[in-house]
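Results of the structural survey
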Amino acid sequence: MDNKAKKKFQVPISRFIVSALLFIVAFQAILFVVSIVMSGTNKELLESNYSSLVKVTRNKRTQLELNMLNLWGNSELMSGVTENVDNLRSLGKFNEMASKIEITENMIHMMNAMKLSAALLITDRQGTIDKDIIYVSDEAAYINKADHSDITLKAGSAEVARALKIHTGSSWEKYPQPSEFIPYEKYRAYADVLAHTIKSTGNFHVGTWEYTENNEGEPVFHYIVPAYDSSTFEVYGLLVAEIGISNIEDMFHTDELSAKSTGAFIIGKRAERKNKLTKSEEYEIVGIKGTYIKNHITDDVLRGEVITKSLKFTRSELADACILELSLDTEDKFIAVREELRHRDVNLSGEKYYLFSVVESGELKQNSVNFANSISLILLMSVLMGVIVTILISNKITHSLSKISEDIKKHKGDRNFEIKLTNILEFDNIIGVLNDLSKRFTRASVKFEEIMNISNIAIVAFEVDRKNKTVYRVGKLSNILDGLVIDEPFEENMELADYVRYRDMMIGEAEKIKGGYDEDADVYVKIYRRIWDGKERYIKIMKNVKDDVEISEEEVPVLFVIVMDVTNEISEQLRIKEQRDLDVLTVLLNRLSFKEKSEKFIEEDVYKKKKAAMVMWDMDELKFINDTYGHEKGDEYLVAMSNALKTLSGKNVFVARMSGDEFFAFIEYEKDKQEVRAELIKLRHRLMNTLLPFSNKSLSIKSTTGVSWYPDDSTEYMELIKFADFAMYTGKQHKKGTITEFNKEEYDKNYILLSGNQYFESFLKNREVRYAFQPIVDAHTGEIFAYEALMRPTSCELNNINQIMKFARKDGKLLDIEILTVEEVLKTVKENMEIFGDKKIFINSISNVVLPPKVIKGIKEKYGCMLERLVLEITEQEDIEDECMKMKQAYREELNFMMAIDDYGSGYSSQSWFLQVHPNFIKIDMLLIRGIDRDVERQAIIGSILDYAKKLNVKVVCEGIETKEELEKLIEMGADYIQGFYVSRPMFEIEDVPEDIKKEIMGMNKF
């Protein structure tokens, strides 16, 4: 090639250097961007903001649901009023003024206890078509004044107002029409349905919610319970609890949502869309807390489109949430999280209510936007600075090289040509440029490290080349565990041996608490708990292989490992669990967690070598304080008691609030019982010396204490509880405020007398019970397939199932009830074999009760030929211990009976019950059946249950059918068997299903 051809391919050195350096700067920028994108920091910040909003919404929803269940919707307190009314009516005293005063006073007490805005009792006046109305309201629901100065009588007798020293409202009427206050006809229909539900289920504490406006035009929620004759279940009135929407709104604080006060909490119910072609959902606003949002809603309707799927969240709590983008009368965009309000009462209105947390979209995304802007600015400045430096350096290098080139040309041919030290200097310049580039790379790395620190993500990534025994690390190990490595760079290449050493330092002494494969991320995850520098730390390790020790280098030559500090995340999960296990008011253990901890202590003490005391305190004056000074003072009294109990010390000390005024402690001691006795005496003195101010005087904390000893008195948790309760009760009979230890001889002698269970004992002894039988009908032919046996007490004193079960649980007699039920039902069926024929017999079984072998043997001998027709029902809502289920399954195989899950679909773990029980039948909960012919959501739920059961060859019984439309819909969907009042009611004298019902069923199967 000649010189001209060579020059054609030559590139000026200045262009070459500039091009090379600019390439390096561009590569640096790309690497920087990729690193940021791969870290997922921006998305993590955004998801964190959404997650916080979802948590706030769910916490508020839980708080509101608890108030609806335990406070505003306390059907037990309301039943106390209706039972008093029923008693006075049955005695013929209802119209007496003393009775009116007593009922009104009971309503005021109920209203104060439930924090209501108002309470309304409407009853049929005996012997006339007129109505008796008592309507009381409370101007300050959360302040209970002892003089009733905050109570107003809106309807009722003025003599009652004078007797109770309460005001009459400006619109007071003695005999107003019910429709002036409530939609009476609708509520009366609700009362009839509720009374029917009580009669059929035996659950005496049911009611229903309704949203409306009161007579003053204010939006309110009403909770309705029926007033009925307890013997005939005939409804003669209703009791309404009124909660003002303004009282509910006071629960919410918008500063929890927005620092700019633009957020809002909204309660709404689904509204019918005016334009069904749009995807927008509409909700009628029931209540709203948030002035800014309220001013931008013109027609009391909240409109928005669900955008959850489009956001593509990775967190599980966000994937389950419902997030909407709202349409408001403003240019700003707003985001809302929607949570459905759940309550366990009968929903007769069919309305669904939702809680919305609303925030401005820009404020929600602000952290993410700020982060992206910061990253962009840093990247732009880095690239700009790189270009400037590149041009300056290239000019300097090319000028020096040009000067050298001219010198060479100038001296070309000179014999004595001597190259000056300039050549060495050029090499020094090149080295300087490389050092300069290295410095700029270092600066970029530092900036990246600072960004990682700002984003508060402690993460270290390793690329492990197992073939070459080298490891590349990014991130600082000291960010995971403080001081683990001293003066470490942000990134480095290291030897494989160093990587192994660091790994062992991190998790060598750690406890693995979780491990498994994450399908979404396609990685294997392990979480370790490590005590470091006296603090609890949680480390998450993710790998692309399950166990690199078992995988050869040929299969996976390069191993990717990510180590993260997840202490905050795990700590938050533990905090939520702790809240679940603690009593809200006293922050002591609740009943369930106390039981778990105590039983775990007993279970782990295999050889019964440990010693402990079960102690019960019953507060002597709590009811007096609540009635005299109000429940807020009562709460202060309870908190003071709990603070004193928290001073109990020891290796294993569990303290709990078990019920309103009952506290328990399980206290381990080392040598002598005197250790516990001395501690209890000190505690009693501490309580007596704790003075709390009440009005014009101070009261000390007074309680009576009962003690039982483990293992001397018992090694069973429930017996220790019962014995401590007995000891406390015995002490209280002699003198309140004493400390009494359990005495076995006294217990055997006086237990029945002291517990007041003579009626229950008579019930068991004399078997004061009979059974009604309700047919279960084939959904294809209308013929009777089986009967369900339903207990009906014949005792004069104990006249309902709830009372019986209450005594049985209290006295540990659930086994007696189980034996009584099985034996009496089988006896009845055997004595009427010609009537029952070969029909199956469904019997309700108590979940955690197992018949002893002796009883099983007797049943097998007496009724062996009938047992294959027996179907044992276990209710899904009841917890059942694994050991009990195993024993029931064993007897199932031995006796050849079948099993069914009752009330299926009412619990939270229906599919796990399938796997645990292996049923032959499932009975779908009647609340899912209600209105299925017009409720697509119920149809979807039951449809999935039917499909699931069919795959497992399990037959489905749909119970609680009360209308022809419900029957037709369930037959259409493929139900196997049906049960309910529409088909046939429970009977003492067995009769066949009416022929017209059979014809209807057969006719429905033709289509």
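This write-up is about the structure you can find in this document. The structure displayed is predicted, hence computed values, not measured ones.

Each helix and strand in the protein was counted, giving 33 helices and 35 strands. Across the 1007 residues that make up the protein, the buried fraction comes to 46%. Of the contacts made within the protein by residues no fewer than 6 positions apart, 63% connect residues no fewer than 24 positions apart. For the protein, the accessible surface area stands at approximately 53400 Å², while carbon and sulfur atoms represent 52% of it.

Below, the discussion takes up the pattern of salt bridges. All told, the structure shown has 45 salt bridges when counted by the stated rule. Between Arg 125 and Asp 132 there is a salt bridge whose closest N-O contact spans 3.1 Å. Judged by relative accessible area, Asp 132 falls into the buried class, the value being 9%. Between Arg 501 and Asp 498 there is a salt bridge, with the nearest N and O atoms lying 3.4 Å from each other. Of the two residues, Arg 501 and Asp 498 are both situated in helix H15 (residues 496-507); the distance of 3 residues between them amounts to about one turn of the helix. Overall, Arg 501 belongs to the partly exposed group, its relative accessible area being 42%. Taking the relative accessible area as the measure of exposure, Asp 498 reaches 27% and is therefore partly exposed. Because the salt bridges share partners, they merge into one network encompassing Arg 58, Arg 61, Glu 65 and Glu 339.

The terminal C-alpha atoms of helix H21 (residues 717-734) lie 26 Å apart, and with 18 residues this matches the ideal 26 Å at 1.5 Å per residue to within 8%. Every buried residue belonging to H21 is among Tyr 717, Leu 720, Ile 721, Phe 723, Ala 724, Phe 726, Ala 727, Met 728, Thr 730 and Gly 731, and all of these are buried.

We now examine the packing of aromatic side chains. Centre distance and the angle of the planes are the two values used to describe a pair of aromatic rings. Enumeration over the complete set of coordinates arrives at 34 aromatic pairs. A ring pair is formed by Tyr 228 and Phe 233, whose centres lie 5.7 Å apart and whose planes are at 10°; its orientation type is stacked. For Tyr 228, a relative accessible area of 11% translates into the label buried. Relative to Phe 265, the ring of Phe 252 lies with its centre 4.9 Å away and its plane at 20°, an arrangement referred to as stacked. One end of the pair, Phe 252, is in the loop between helix H8 (245-249) and strand E8 (264-270); the other, Phe 265, is in strand E8, and 13 residues separate them in sequence. Judged by its relative accessible area of 1%, Phe 265 is buried. Taken together through their ring pairs, the aromatic side chains of Trp 209, Tyr 211, Phe 221, Tyr 223 and Tyr 353 make up a single cluster. One residue, Arg 770, lies across the ring of Phe 988, its end atom 3.6 Å from the ring centre.

On to the sheet that holds strand E22 (residues 653-657), then. Spatial strand order, E22-E23-E21-E26-E27: 5 strands in an open sheet with mixed pairing. Across the chains shown, the open sheet's two edge strands, defined by having one partner strand only, are E22 and strand E27 (739-741). Averaged over all pairs of adjacent strands, the angle between strand axes in this sheet comes to 15°, irrespective of strand direction. Bridge analysis of strand E26 (residues 703-710) against E27 gives 3 bridges, and the strand direction is parallel. Note that in E27 the partner of Gly 706 across the bridge is Thr 740.

A separate point is the nonpolar core. Among the nonpolar cores identified, the biggest contains 73 residues, and Phe 763, Ile 817 and Ile 922 are the most heavily contacted of them. By residue number, the principal contributor to this core is helix H25 (residues 814-831), which donates 8 residues. Residues contacting Ile 922, with those up to four places away along its chain left out, are Ile 901, Tyr 904, Phe 914, Ile 945, Ala 949, Val 954, Lys 955, Val 956 and Val 957.

Moving on, we get to the environment of Glu 363. Within the element layout of this structure, Glu 363 appears in helix H12 (residues 361-364). Separated by 30 residues in the primary sequence, Glu 363 and Lys 333 place their C-alpha atoms 9.9 Å from one another. Dropping the residues within four chain positions of it, Glu 363 is found in contact with Ser 258, Ala 259, Lys 260 and Thr 262.

With that settled, consider unusual backbone geometry. At the junction of Tyr 710 and Pro 711, the peptide bond is cis and its omega measures out at 0° in the coordinates. Positionally, Pro 711 belongs in the loop between E26 and H21. In this structure, Asp 300 is a non-glycine residue whose phi angle is positive, near 55°. Look at Asp 300 and you get exposed, because its relative accessible area is 51%. In this structure, Asn 953 is a non-glycine residue whose phi angle is positive, near 60°. Mapped onto the elements of the fold, Asn 953 is located in the loop between helix H31 (936-951) and strand E34 (955-958).

Let us look at the sheet that holds strand E7 (residues 235-244). Taken in spatial order, the 7 strands line up as E4-E3-E2-E1-E7-E6-E5 in an open sheet, and their pairing is mixed. The open sheet has two edge strands with one neighbour each: strand E4 (167-173) and strand E5 (208-213). Shown here is a sheet whose adjacent strand axes are inclined to one another by a mean of 25°, direction ignored. In this sheet, strand E6 (residues 219-228) lies alongside E5 in antiparallel orientation, the contact comprising 6 bridges. Directly across from Trp 209, in E6, lies its bridge partner Tyr 223. Across the sheet, helix H4 (residues 75-90) touches strand E1 (118-124), E6 and E7, and the angle it forms with E7 is around 145°. Sitting on the sheet, helix H7 (residues 184-201) touches E1, strand E2 (131-138), E5, E6 and E7, and the angle it makes with E7 is about 110°.

All right, on to the pairing of E2 then. For E2, the tally of buried residues reaches 7 of 8 residues, placing the bulk of the element in the interior. Looking at chain direction, E1 and E2 are connected through 7 bridges and run antiparallel. What sits directly across from Thr 123, in E2, is Asp 132. Across 4 bridges, the pairing between E2 and strand E3 (residues 151-155) is antiparallel. Its bridge partner lying in E3, Val 136 is registered against Leu 153.

Cut-off values and rules
- Residues numbered from 1 in each chain as written.
- Predicted model: local features only at pLDDT ≥ 70, side-chain atom pairs only at ≥ 80, totals over all residues.
- Heavy atoms only, no water.
- Helix = DSSP H or I, 4+ residues; strand = E, 2+ residues; numbered from the N terminus.
- Buried < 20%, exposed > 50% of the residue type's maximum accessible area, 1.4 Å probe, protein only.
- Contact = heavy atoms within 4.5 Å.
- Areas by Shrake-Rupley, 256 points an atom, 1.4 Å probe, with all protein chains shown as cover.
- Salt bridge = Lys/Arg side-chain N within 4 Å of Asp/Glu carboxyl O.
- Expected span 1.5 Å × (residues − 1).
- Phe/Tyr/Trp six-rings, centres within 6.5 Å; stacked < 30°, edge-to-face > 60°.
- Lys NZ or Arg CZ within 6 Å of the ring centre and 35° of its normal.
- Pairing = 2+ DSSP bridges.
- Axes fitted to C-alpha atoms, helices over the stretch in contact; angles between N-to-C directions.
- Core = buried A, V, L, I, M, F, W, Y, C linked by side-chain atoms within 4.5 Å.

Nothing here speaks to function; it is all geometry.
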